[in-house]
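# Remarks on the overall topology
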Amino acid sequence: MKRTSFLIDACIIFDFVAGESLNYLFESYFEFLTTDLIMHDELETPSVSDLADMGLRAIGLDGPTLQSLITYIVRYPAIKRNDAILLGIAVSRKMPLLTGDKALRKAAEGEGVVVHGTLWLLDRLVESGVFDARDASDALEKMVARGRRLPAKECGRLIAGWRKT
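Residues numbered from 1 in each chain as written. Predicted model: local features only at pLDDT ≥ 70, side-chain atom pairs only at ≥ 80, totals over all residues. Heavy atoms only, no water.

## Some words on the layout of surface pockets
A volume near 290 Å³ is recorded for the largest pocket. Here the element with the most residues in the lining of the largest pocket is helix α1 (residues 10–18); it accounts for four residues. A per-class count over the lining of the largest pocket returns three nonpolar, two polar and nine charged. (1 Å grid on protein atoms, 1.4 Å probe; cavity = no way out; pocket = protein on both sides within 12 Å on 5 of 7 lines; lining within 4 Å. Points joined across faces, edges and corners; volume = space filled by probe spheres on them. Helix = DSSP H or I, 4+ residues; strand = E, 2+ residues; numbered from the N terminus. Nonpolar A, V, L, I, M, F, W, Y, C, P; charged D, E, K, R; others polar.)

Below you can see the structure in the form of structure tokens.
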């Protein structure tokens, strides 16, 4: 079975760290890629080497992505430099993006990129059997308790549904 590849933003990884469930990401049939800049600028815990060993792949910038960087920074002033790079890669490679960053999500949607977040990913992991529903519920509760920015109403709906399982 071919693995589905996603560009992943650091905030999604931090959500899974907060939920003590990072290992489930890399046990899935998904492949996760991020930029080498995000790997080394933003991801310190867990360590970059731990993430690479788990399966997170870092990709470098190519010429077209580098050229589009200024365009995206000007067009979407609310996004950060690293987010503009992710956006450029998502557009140029036609890859779906996983992010919880509102400004990046809006910019990606504006460019026609498929965008999902932590809750969507958790739900896919439960549906695929990688993540037990009760464990996913516990992880999501930890994410919320540790102050991760997730939509409360949707979190409650998922937790209630998973608890019934």
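Moving on from the model shown.
## Description of α1
Given 3.6 residues per turn, any residue in an α-helix points the same way as the ones three and four places further on. Of all nine residues in α1, seven are buried; the element is thus mostly enclosed. Residues A10, C11, I12, I13, D15, F16 and A18 constitute the buried set of α1. Following α1 by one or two positions, E20 has its phi on the positive side, about 50°. (Buried < 20%, exposed > 50% of the residue type's maximum accessible area, 1.4 Å probe, protein only.)

## Remarks on the side chain of T35
Along the chain, the position of T35 falls in strand β2 (residues 30–35). Judged by relative accessible area, which is 1%, T35 ranks as buried. With near-sequence residues (within four places) excluded, T35 lies in contact with A58, I59, I85, L86 and I89. (Contact = heavy atoms within 4.5 Å.)

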